[in-house]
Amino acid sequence: MNNKKISVGYIQKQIVYHSNQIIEKYKDKLNIICANKKDIVKCLKQNKIHMYQAQITFLKQNMNKCNQTTNPQKCRDLITSKIIKIIKKINELKTK
């Protein structure tokens, strides 16, 4: 078994990068999804919330990759901080 450890920054950046790709894919489709809806603002808001929830799910599912790093706790803390920022965005959308 390979016991080589990877830098925290590398793994964290890869996980965040791929989670941001989820956001980009959703953003490209938002206007299409909501184009024919009566309440386009409500549709956009609901779909943005769903988009951010998908990003959180991805981050949580990939947090175990932090175990491959030189400092797993630091890696988990960095990803958790990203999750907290996303939760704040969701809460802002819900209060609008």
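See above for the structure.
For the structure given in this document, a descriptive report is provided here. (Residues numbered from 1 in each chain as written. Predicted model: local features only at pLDDT ≥ 70, side-chain atom pairs only at ≥ 80, totals over all residues. Heavy atoms only, no water.)

Quick word on the packing of helix α2 (residues 40-62) against helix α3 (residues 72-95)
Remark: α2 packs on α3, axes separated minimally by 10 Å, with the N-to-C direction vectors making an angle of 165°. When the axes of α2 and α3 are compared, the pair comes out roughly antiparallel. The way α2 lies across α3 gives a crossing that is left-handed. Contacts between α2 and α3 involve Lys45, Lys48, Ile49, Tyr52, Gln53, Gln55, Ile56, Leu59 and Lys60 from the former and Ile79, Lys82, Ile83, Ile86, Ile87, Lys89, Ile90, Leu93 and Lys94 from the latter. When its residues are assigned to classes, the contact of α2 with α3 shows 10 nonpolar, two polar and six charged. (Axes fitted to C-alpha atoms, helices over the stretch in contact; angles between N-to-C directions. Helix = DSSP H or I, 4+ residues; strand = E, 2+ residues; numbered from the N terminus. Parallel < 35°, antiparallel > 145°, perpendicular 65-115°, else oblique. Left-handed = near helix turned anticlockwise from the far one by under 90°. Contact = heavy atoms within 4.5 Å. Nonpolar A, V, L, I, M, F, W, Y, C, P; charged D, E, K, R; others polar.)

What to know about helix α1 (residues 8-34)
Its 27 residues place the ends of α1 39 Å apart at the C-alpha level, agreeing with the 39 Å of an ideal helix rising 1.5 Å per residue. Of all the bends found along α1, the most pronounced is centred on Asp28 and spans about 30°. Taken together, the buried positions of α1 are Val8, Ile11, Gln12, Ile15, Val16, Ser19, Ile22, Ile23, Leu30 and Cys34. Where α1 is buried, its residues contact α2 and α3. (Expected span 1.5 Å × (residues − 1). Bend = angle between axes of the 7 residues up to and from the residue. Buried < 20%, exposed > 50% of the residue type's maximum accessible area, 1.4 Å probe, protein only.)

Thoughts on the state of the cysteines
Going through the model one piece at a time under the given rule, you end up with two disulfides. Here Cys66 is linked by a disulfide to Cys75, with a sulfur-sulfur distance of 2.1 Å. Its S-S torsion of about -60° marks the bond between Cys66 and Cys75 as left-handed, since a negative value means left-handed. Per residue, the accessibility class of Cys66 equals that of Cys75, and both read buried. In the protein chain, the bonded cysteines, numbered by position in the sequence, are linked as 1-2, 3-4. (Disulfide = S-S within 2.5 Å.)

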